[in-house]
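# Observations on chain architecture
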Amino acid sequence: MCTGKCARCVGLSLITLCLVCIVANALLLVPNGETSWTNTNHLSLQVWLMGGFIGGGLMMLRSVFSSAFGVLGAIYCLSVSGAGLRNGPRCLMNGEWGYHFEDTAGAYLLNRTLWDRCEAPPRVVPWNVTLFSLLVAASCLEIVLCGIQLVNATIGVFCGDCRKKQDTPH
């Protein structure tokens, strides 16, 4: 595959992943699809850090111009989303708002009986787990694709593009 075709294929894949990250992060702002929980005290820090929007989304659009920014954005998205999965959502449990799964080091992910202990927002744990997992997967793919794009661009700089040049009349 020539460097031009590779760049086009990787670029289209990155744009798709960028949109997935932006939508997933937007959905994290409305737990269980309900806007009544958008109070800043009821959403986790990782939701407000907007790893999917800033890292996986905006920085990835920037990767069209610079794959290095794309890699940085994807790493930011992966870090924030991974922390969001590890710490769990901010929820109401026993009359107190907090990160009640933070001390489990992510073990709550394997014990679904703990998920129902969050009284509010309703179903916030599966909501966060699904969307942060999607962001982790998308950002990992973005890192791989941006890495391919960096290698492809480097080859293109040193070896040139493999597209045939059109004869131009003099």
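A brief report on the enclosed structure follows. (Residues numbered from 1 in each chain as written. Predicted model: local features only at pLDDT ≥ 70, side-chain atom pairs only at ≥ 80, totals over all residues. Heavy atoms only, no water.)

## As for the overall build of the protein
A tally of regular secondary structure across the protein gives 5 helices and 2 strands. The linear arrangement of helices and strands in the protein, starting from the amino end, is α-α-α-α-β-β-α. Each of the 170 residues in the protein was classed as buried or not, and the buried ones make up 40%. A fraction of 68% describes how many contacts in the protein between residues 6 or more apart in sequence connect residues 24 or more apart. Working note: accessible area of the protein is about 9600 Å², and carbon and sulfur atoms make up 64% of it. (Helix = DSSP H or I, 4+ residues; strand = E, 2+ residues; numbered from the N terminus. Buried < 20%, exposed > 50% of the residue type's maximum accessible area, 1.4 Å probe, protein only. Contact = heavy atoms within 4.5 Å. Areas by Shrake-Rupley, 256 points an atom, 1.4 Å probe, with all protein chains shown as cover.)

## Quick word on the environment of cysteine 9
Looking at the element boundaries, cysteine 9 is found in helix H1 (residues 3-28). What makes cysteine 9 partly exposed here is its relative accessible area of 42%. Note: C-alpha distance between cysteine 9 and leucine 145 (136 residues apart in sequence) is 9.7 Å.

## Digging into the side chain of asparagine 128
Relative to the helices and strands, asparagine 128 resides in helix H5 (residues 124-159). In this structure asparagine 128 touches Leu28, Ser44, Val47, Pro89 and Ser133, once residues within four positions along its chain are discounted.

## Some details on the state of the cysteines
By the definition in use, this model includes 1 disulfide. The residue that forms a disulfide with cysteine 91 is cysteine 118, at a sulfur-sulfur distance of 1.9 Å. In this structure, the disulfide formed by cysteine 91 and cysteine 118 twists by about -55 degrees around the S-S bond and is classed as left-handed. Here cysteine 91, found in strand S1 (residues 91-93), pairs with cysteine 118, found in the loop between strand S2 (96-98) and H5; they are 27 residues apart in sequence, far enough to count as distant. A residue is classified by how much of its surface remains accessible, and cysteine 91, at 0% relative accessible area, is buried. Residue classification places cysteine 118 among the buried positions, given a relative accessible area of 7%. Distance from the sulfur of cysteine 140, which forms no disulfide, to the nearest cysteine sulfur (cysteine 77) is 9.1 Å. (Disulfide = S-S within 2.5 Å.)

## Some words on the packing of aromatic side chains
This model, assessed by the stated rule, comprises 1 aromatic pair. Here the aromatic rings of phenylalanine 101 and tyrosine 108 are separated by 4.8 Å at their centres, their planes lie at 20 degrees, and the arrangement is stacked. (Phe/Tyr/Trp six-rings, centres within 6.5 Å; stacked < 30°, edge-to-face > 60°.)

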